[in-house]
Amino acid sequence: MIQLENVSKRFGGLTAVHNCSFSIPTGQITGVIGPNGAGKTTVFNMIAGLLQPSSGQIFLDGEDITSLPAHKRQSKGLYRTFQLAHEFSRMTVVENLMVAADSSIGENVFNAIFRPSIFQKQEHAAYDKAMETLRFLEIEKLQDELAGNLSGGQKKLLELGRTLMQTPKVILLDEIGAGVNRSLLSKIAVKIQQLNDDFGYTFCLIEHDLDYVSRLCDEVVVLAQATVLTTGTIEKIKRDERVVEAYFGGGKYEGAHA
Amino acid sequence: MELTGLFFYFVSFLTMAGIYAVICLALNIQWGFGGLFNAGIAGFYAIGAYSAAIITSTAASNNVGGLQQPIFVGMAVAAVIAGLVGWGIARLCVSLKSDYLAMATIGIAEIIRLVIVNEEWLTNGSLGVSNIPRPFEGVFKGQTAEIVFVLFVWIIVLLTYFISQRLHKSPWGRVLRAIRDNEDAAESIGKDTHSFRTQTFVIGAIFMALAGALSAHYFKYFSPDATEPILITFLAWVMLIAGGSGNNKGAIAGALVVWAIWSMTEILTGFLPSEWATRSSYMRMLLIGLFLQFVLQRYRSGLLPERAPKLDKLRRS
């Protein structure tokens, strides 16, 4: 479970996130919605460690991870995808996944030069796991293609795959559906549901498509104007006038950069 | 007689091309694998050359030196000093993004050059260090020595290539390419990008210094003139980009082809009328530029483009 307590982020004079508190319960799929500029991605970047909060704290299973560097959060089981696909473009699809596997022995530069035989076992495991993940995502035919040549939707799948290479606890998905066609989108939804059901992975996803959110999410957090407007089930928030106004209104909850 | 002349021309060509090949392989580790824009190659080359020169020279003028140590000791010291300097610089500026790192490294190389020119007690200033020995000098004399030295250089090239290949095929190299392609994503899968970039910078600096040491032993004399950025940094970049950045064989091929153009145009410009002679070096530079244009138009990723390491061994039928 991830908890945010009074988290704020200021960029100079701009307050991107203000006193934000909510939690992502274990084993559930939580949605984060809100108009453009509401601070969703900033919140994600702070949970993932790419940005440091100006104030407030973030907890993962009770442990304060507020100032833990991004690369150390992965070993705690915290993974993310990006709003714009962040594939490793000049590496092959299978390499994109293998690099996310546990290759601790071969990532030591002395072992890499002088003792290549001692990391072969890990390499085999990494390759097998990568192929298993590609088969799960049904893109195993693309294994030797350069990731930069994939379509936008395939890149999103690849990023999802990258989070599955070790043992994730919480997976943050930043607009996994952006720029993805309908049929691939529902395929991704099926995969997310499957991972949640079969392995109990916790998901938190930012999404604009309310139908998509209502199909997947147990709980929804609504952000507007840099802070939490409301939380609750999708039925509850759909009836909330403030949410309707924030999304469709032009009213006072419209984000500053919408 | 004509043939022997040609042969020894070829030997000297291969010697220099080999020294450049070591620089290119080092730059390939930094840029081709790691995406680090090092524009201060000449600085590390100079550190290597002067370290080796001071440690091994048989007699000194007004500076420290004349330590008369064996050549392998000199090369080891050159590698250690360059590694330490590289580490210090990496700590300061390796997290800078590509073009900013380029600016920082240009500045650092210039600082190193000015230190070398001005700290006469250490480097004998602009007069340079002389009496630098060549390997196996006592055993082989005259023209045989030239052949022995070119073999020595190419053994170092092969060693550097071997290490570069090992790095490229390893998970270490894979992480490096991932960081090159997308640093934020590499962080998100748990890679300590700062540490990997630092290691890369240090490894590159060490091999650049070894190339510098080789050239000091080759010329037996080393002065600040030999560390001109246009001769070292610029040419090395042209070689790597033309040869194929990200490909170790490409780095060596680029060094051979560009050095061939560079040195053969010297012969061609020799035939020019005397009033053109003063312009010859600019014409060579122009030819190199034209060649780079041609390669980049025809082969966008260089003569031997980057290839992902083969995974055949991991595939089970």
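**Q** What exactly am I supposed to notice about the environment of B:Leu303 here?
**A** Residue and element names in this part refer to chain B. Examined against the element boundaries, Leu-303 turns out to sit in the segment after helix H13 (280-298). Residue classification places Leu-303 among the partly exposed positions, given a relative accessible area of 30%. For Leu-303, the contacting residues outside a window of four places in its chain are Ala-242, Gly-243, Gly-244, Val-257 and Val-295.

**Q** Any chance you could explain the pairing of strand E10 (residues 227-232) of chain A here in plain terms?
**A** In regular strands, side chains alternate between the two faces of the sheet. Residue and element names in this part refer to chain A. Taken together, the 5 bridges between strand E9 (residues 219-224) and E10 define a ladder with antiparallel strand orientation. Residue Val-220 lies in a different strand from E10, and its bridge partner there is Gly-232. Linking E9 to E10, which pair antiparallel, is a turn of 2 residues; within it Gln-225 sits at a positive phi near 50°.

**Q** Whenever I open this one, the sheet that holds strand E2 (residues 14-24) of chain A confuses me. Can you help?
**A** The pairing of strands in a sheet comes from backbone hydrogen bonds and takes either a parallel or an antiparallel form. Residues and elements named next belong to chain A. Within the open sheet, the 4 strands sit side by side as E2-E1-E4-E5. Their pairing is antiparallel. A single partner strand is all that each edge strand has here, and the edge strands are E2 and strand E5 (63-64). Pairing of strand E1 (residues 2-11) with E2, which is carried by 7 bridges, proceeds in the antiparallel orientation. When the sheet's bridge partners are listed, Phe-11 is paired in E2 with Leu-14. Along the sheet, helix H1 (residues 40-48) contacts E1, E2 and strand E4 (55-60); its crossing angle with E1, the most-contacted strand, is approximately 115°.

**Q** Teacher, can you tell me more about unusual backbone geometry here?
**A** Outside of glycine, negative phi angles account for most residues, and trans bonds account for most peptide bonds. All names here are of chain B. If you check the backbone angles, Asn-124 has positive phi at about 65° while not being a glycine. Looking at the secondary structure, you find Asn-124 in the loop between helix H5 (120-123) and helix H6 (142-169). Overall, the relative accessible area of 9% leaves Asn-124 in the buried class. In this structure, Asn-131 takes a positive phi of about 60° despite not being glycine. As for its position among the elements, Asn-131 is in the loop between H5 and H6. For Asn-131, a relative accessible area of 39% puts it in the partly exposed group.

**Q** Can you walk me through a nonpolar patch on the surface in this structure?
**A** All names here are of chain B. Among the surface-exposed residues, Tyr-9, Met-264, Ile-267, Leu-268 and Phe-271 lie close enough to one another that they form a single nonpolar patch of about 530 Å² accessible area. Residue position: Phe-271 is located in the loop between helix H11 (248-270) and helix H12 (274-277). For Phe-271, a relative accessible area of 69% puts it in the exposed group.

**Q** Looking at this structure, how should I read the packing of aromatic side chains?
**A** The geometry of an aromatic ring pair comes down to the distance between the two centres and the angle between the two planes. Residues and elements named next belong to chain B. For the coordinates displayed, the defined rule picks out 15 aromatic pairs over all chains. Taken together, a centroid distance of 6.1 Å and an interplanar angle of 35° make the contact between Phe-149 and Phe-152 tilted. Of this pair, Phe-149 and Phe-152 both sit in helix H6, 3 residues apart, roughly one helical turn. Phe-152 carries the same exposure label as Phe-149, and that label is buried. The interplanar angle of 10° and the centroid separation of 5.4 Å between the aromatic rings of Phe-149 and Tyr-218 together place this pair among those described as stacked. Pair noted here: Phe-149 is in helix H6 and Tyr-218 is in helix H9 (residues 193-219), with a separation of 69 residues, a long-range link. For Phe-149, a relative accessible area of 2% gives the class buried. For Tyr-218, a relative accessible area of 10% corresponds to the buried category. Here the aromatic residues Phe-72, Phe-136, Phe-149, Phe-152, Tyr-218 and Phe-219 are joined through ring pairs into a cluster of three or more.

About the cut-offs
Residues numbered from 1 in each chain as written. Chains lettered and ligands numbered in written order. Predicted model: local features only at pLDDT ≥ 70, side-chain atom pairs only at ≥ 80, totals over all residues. Heavy atoms only, no water. Helix = DSSP H or I, 4+ residues; strand = E, 2+ residues; numbered from the N terminus. Buried < 20%, exposed > 50% of the residue type's maximum accessible area, 1.4 Å probe, protein only. Contact = heavy atoms within 4.5 Å. Pairing = 2+ DSSP bridges. Axes fitted to C-alpha atoms, helices over the stretch in contact; angles between N-to-C directions. Patch = residues over 30% accessible without salt bridge, like charges linked within 9 Å, V, L, I, M, F, W, Y side chains within 5 Å. Areas by Shrake-Rupley, 256 points an atom, 1.4 Å probe, with all protein chains shown as cover. Salt bridge = Lys/Arg side-chain N within 4 Å of Asp/Glu carboxyl O. Phe/Tyr/Trp six-rings, centres within 6.5 Å; stacked < 30°, edge-to-face > 60°.

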